[in-house]
Amino acid sequence: MISCYSDSEIQMFDHETLRALQLIRFKKIVSQALKTEFYRTKLGSVGIKHSSDITSINDIQKIPFTTKEDLRDTYPYGLLAADKDDVVRMHASSGTTGKPTVIYQTQSDLDNWTNLTVRSLIATGCSHKDVFQNMMTYGLFTGGIGLHYGAEKLGMFVIPASSGNTKRQFMLMKDFQTTVVHATPSYMLHLFSEIEPLGFDLKDFKIKKAMIGAEPHSEEIRRKIEECFGIDAYNSYGLSEMNGPSVAFECEHKNGMHLWEDSYILEIVDKNNLTPLEDGNLGELVLTNLIRESTPIIRYRTRDLTKVIPGDCPCGRTARRIDRIFGRTDDMLIINGVNVFPSQIEEVIMKMPSIGNNYRIVIRKKGILDQLIIETEVNSEIIIDDTRKLYALRDRIKEELRASITISPQIEFHEPGRLPVQQGKAIRVVDER
Ligand code: ADP
Ligand code: ZN
């Protein structure tokens, strides 16, 4: 039935038709989910034993949430609802230690995701005439490879540059006349500051648009990127649990991100009591993937805070728009585009010999980049002015942190008892950005 509509028709579906499509797809996802023991228990606990027990899209509100911990607990194959032989790819979340959160895709799951990426790129005005330089990391992280396939399918000239190596990025941009780039907002600003020092000239570039995402950024940062390069920058939102990029994307109006509701069920819930909120209210984004049958994830608590922007978009697309992400309900830090949990840092430093009982993580801006400083007390066994020992300790911490979180921080040692202590819970993170 749906196959008789084109993708642009689906994007213009009226509210009622969109809900009808969601219901059809949701029932299919529920029957897939019931193939896993995890969801048989979860859905069974609210009396859903068969997809026919779902009669309205509102039935979703009966179902308990799925959390990141659930995904970790079911690692590696607990959420796989397809035959393993039909899986053609896996991805994993970028910010996790220990057990990652993994998702699987069959070829048809990948095709569905790719179609959303094509749609998202078209929404920003891209076409097959563009040269697309993808500066997001390729690999288990979904950011790079996710847009790559959509850009190819759209017929763009794709340069899979991946992240880093700024000089080479400039060379590619200049020599292949890149018109569209994809990067984190912090990398975009870093790039700008490196143009002259690396001997390039903005006049030699032909960039018109940037797709920016993967980390929180303000409207001011977007404006700065647009003004520096003289381009349009579009906010792109996604997370690996929901496939990756192209969950929500800005259209040419740049007034919030259309969350592709034919493919995802969008809910915003109160971050404290988890009850559904009306459009316009800030809360935690909860998502259900309707287009990935191999790894069904229902009512996933993203921990991202946003709101639905009420009203219609002048572009005519009916998928509701979410506002830029205001932050996360959990404590994850994003440092120069890399996701870090304070617990990952604690794990490394607290296992070191001679480290005292108190530490804090300070993040500040140095120029346009983020700088991570770890202030830690040393115990009285190590003499505070024994520089040789302290340098060795500092190097070891840096090395281990680089291995675990890929960032090499600045380390500051303090004598025992010198760092501030709170009355109640410790404040470990001082984010000065
Ligand atoms: P994880 O953070 O769990 O390792 P991902 O690497 O898939 O997983 O990152 C997804 C997260 O990145 C989102 O949940 C969100 O917090 C953040 N993110 C992605 N895109 C944006 C964006 N455009 N604005 C703000 N935050 C974003
Ligand atoms: Zn729009």
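Everything in this summary refers to the structure shown in the same document. (Residues numbered from 1 in each chain as written. Chains lettered and ligands numbered in written order. Predicted model: local features only at pLDDT ≥ 70, side-chain atom pairs only at ≥ 80, totals over all residues. Heavy atoms only, no water.)

So, about the pattern of salt bridges. Side chains that carry opposite charge are capable of pairing whenever their charged atoms lie near each other. Counted under the stated rule, the structure contains 30 salt bridges. In this structure, the salt-bridge partner of Asp 201 is Lys 203, at a minimum N-O distance of 3.5 Å. Judged by relative accessible area, which is 32%, Asp 201 ranks as partly exposed. Residue classification places Lys 203 among the exposed positions, given a relative accessible area of 68%. The salt bridge partner of Asp 431 is Arg 433, with a shortest N-O separation of 2.9 Å. A residue is classified by how much of its surface remains accessible, and Asp 431, at 38% relative accessible area, is partly exposed. Judged by its relative accessible area of 38%, Arg 433 is partly exposed. Overlapping salt bridges, with partners in common, bring together Asp 7, Arg 25, Arg 119 and Asp 262 in one network. (Salt bridge = Lys/Arg side-chain N within 4 Å of Asp/Glu carboxyl O. Buried < 20%, exposed > 50% of the residue type's maximum accessible area, 1.4 Å probe, protein only.)

Over the atoms a probe the size of a water molecule is rolled, and this reveals where empty space is left. Roughly 600 Å³ of volume is contained in the second largest pocket. Lining the second largest pocket are 25 residues, and of these Thr 137, Ser 163, Asn 336, Gly 337 and Val 338 sit closest to its centre. Elements with a minimum of two residues in the lining of the second largest pocket: helix H8 (185-194), strand E17 (338-340) and helix H11 (387-405). Looking at which element gives the most residues to the lining of the second largest pocket, the answer is H8, with 3 residues. Of the residues belonging to the lining of the second largest pocket, the class tally is 10 nonpolar, 15 polar and no charged. Taken domain by domain, the makeup of the lining of the second largest pocket includes at least three residues from each of domain 1 (1-329) and domain 2 (333-431). (1 Å grid on protein atoms, 1.4 Å probe; cavity = no way out; pocket = protein on both sides within 12 Å on 5 of 7 lines; lining within 4 Å. Points joined across faces, edges and corners; volume = space filled by probe spheres on them. Helix = DSSP H or I, 4+ residues; strand = E, 2+ residues; numbered from the N terminus. Nonpolar A, V, L, I, M, F, W, Y, C, P; charged D, E, K, R; others polar. Domains from an automatic or database assignment.)

This part covers the coordination of the zinc ion (ligand 2). The protein atoms that coordinate the zinc ion (ligand 2) are Cys 251 (SG), His 258 (NE2), Cys 313 (SG) and Cys 315 (SG), at distances spanning 2.1 to 2.3 Å. Classification of the site at the zinc ion (ligand 2) as tetrahedral follows from its 4 donor atoms and the range of 101 to 118° in their angles at the metal. Site description for the zinc ion (ligand 2): donor spacing in sequence, C-x6-H-x54-C-x1-C. Residue Cys 251 is located in the loop between strand E8 (244-250) and strand E9 (257-259), and its partner Cys 315 is located in the loop between strand E13 (308-309) and strand E14 (321-322); the two are separated by 64 residues in the primary sequence. (Donors = N, O, S within 2.8 Å, 3.2 Å for Na, K, Ca; no water. Tetrahedral: all angles 85-135°; square planar, octahedral: opposite > 155°, others 65-115°.)

The strands that make up a sheet are held in pairs by hydrogen bonds between backbone atoms, and each pair lies either parallel or antiparallel. Strand order in the open sheet formed by 4 strands is E10-E11-E12-E15, and the pairing between neighbours is antiparallel. The open sheet terminates on both sides in strands that have one partner only, identified here as strand E10 (264-269) and strand E15 (327-328). Two elements, strand E12 (residues 300-306) and E15, share 2 bridges in a ladder whose sense is antiparallel. When the bridges of E15 are listed, Leu 305 appears paired with Gly 327. (Pairing = 2+ DSSP bridges.)

What follows deals with the side chain of Thr 101. As for its placement among the helices and strands, Thr 101 is situated in the loop between strand E1 (87-92) and strand E2 (102-106). Take Thr 101: its relative accessible area is 2%, and that puts it in the buried class. A polar atom in the side chain of Thr 101 sits 3.5 Å from the side chain of Glu 241. (Polar contact = N/O pair within 3.5 Å; in protein donor to acceptor, adjacent residues only side chain to side chain.)

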